[in-house]
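Observations on chain architecture
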Amino acid sequence: MKLAGSCHCKAVTFEVESAAPYPFMKCYCSICRKLAGSGGYAINLMADAHSLKVEGADQKSVYHAKIDGKTSPAERHFCGACGSHLWLWDPRWPELLHPHAGSIDTALPETPETVHIMLKDKPAWIDVPEGPGHVHFEGYPDKSIEDWHKAHGLLEHKD
């Protein structure tokens, strides 16, 4: 599925192909919460890094988070003009790009369940839904984004 995205001020726009476009996983880690500021969590998708096309790249900036006192090699791309977070790219997995669902302008499909991760880092003021359709993990989930899509029969294949 082709995903089109942009920052709030439209200084940066992008397109990327994703075989896993369902925004099913909400991350409550301090990095996602503080950088995205969206309801206390961020939602990352999975896309093919080689398919990325960007307009306004000169307006874009990159942030490397500190994790356990060390600088992460993961690049968190955001608009330098309005501050909107756009995507994450990590050189350890160069074929993958993780757009923030909030930056995607394309209508995304409704998910059959929501996976809440890194709940050990969630502040008390954030309500996390319980019950059918919600799966919870104190840390990282037991399935990758690709594995979750495969398990639900939702992974799109290029022919």
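Above this text you will find the structure in question.
Basis of the calculations
- Residues numbered from 1 in each chain as written.
- Predicted model: local features only at pLDDT ≥ 70, side-chain atom pairs only at ≥ 80, totals over all residues.
- Heavy atoms only, no water.
- Helix = DSSP H or I, 4+ residues; strand = E, 2+ residues; numbered from the N terminus.
- Rg over C-alpha atoms; globule rule 2.2 N^0.38 Å.
- Buried < 20%, exposed > 50% of the residue type's maximum accessible area, 1.4 Å probe, protein only.
- Contact = heavy atoms within 4.5 Å.
- Areas by Shrake-Rupley, 256 points an atom, 1.4 Å probe, with all protein chains shown as cover.
- Lys, Arg positive; Asp, Glu negative; His and termini not counted.
- Charge placed at Lys NZ, Arg CZ, Asp CG, Glu CD.
- Pairing = 2+ DSSP bridges.
- Axes fitted to C-alpha atoms, helices over the stretch in contact; angles between N-to-C directions.
- Salt bridge = Lys/Arg side-chain N within 4 Å of Asp/Glu carboxyl O.

Section: the overall build of the protein chain
For the protein chain, the count of helices and strands is two helices and 13 strands. Relative to a compact globule of 159 residues, whose C-alpha radius of gyration would be 15 Å, the protein chain shows 15 Å and is just as compact. The dimensions of the protein chain, computed from C-alpha atoms along their principal axes, are 45 × 45 × 30 Å. Each of the 159 residues in the protein chain was classed as buried or not, and the buried ones make up 42%. Residue pairs in contact within the protein chain that sit at least 24 positions apart in sequence constitute 57% of those at least 6 positions apart. With the model as given, the accessible surface of the protein chain reaches about 8600 Å², and the carbon-plus-sulfur share is 51%. Counting 16 positive and 21 negative side-chain charges, the protein chain places the averaged centre of each group 6 Å from the other.

Description of the sheet that holds strand E13 (residues 134–136)
The strand order across the open sheet built from three strands is E3-E12-E13, with neighbouring strands paired in parallel fashion. Sheet topology places strand E3 (25–27) and E13 at the edges, where each strand pairs with a single neighbour. Across the sheet, the axes of successive neighbouring strands diverge by a mean angle of 20 degrees, strand direction being ignored. Here E3 runs beside strand E12 (residues 114–117); their pairing, made up of three bridges, is parallel. What sits directly across from Met25, in E12, is Val115.

A word on the pattern of salt bridges
Inspection of the entire model under this criterion finds five salt bridges. Close ionic contact of Lys2 with Glu15 constitutes a salt bridge, the shortest N to O distance being 3.7 Å. Of this pair, Lys2 sits in strand E1 (residues 2–6) while Glu15 sits in strand E2 (residues 13–17), placing them 13 residues apart in sequence. The exposure class assigned to Lys2 is partly exposed, which follows from its relative accessible area of 45%. Here Glu146 and Lys150 are joined by a salt bridge, their closest N and O atoms 3.7 Å apart. One end of the pair is Glu146 and the other is Lys150, both in helix H2 (residues 145–151) and four residues apart, which spans about a single turn. Classification of Glu146 by relative accessible area gives partly exposed; the value is 32%.

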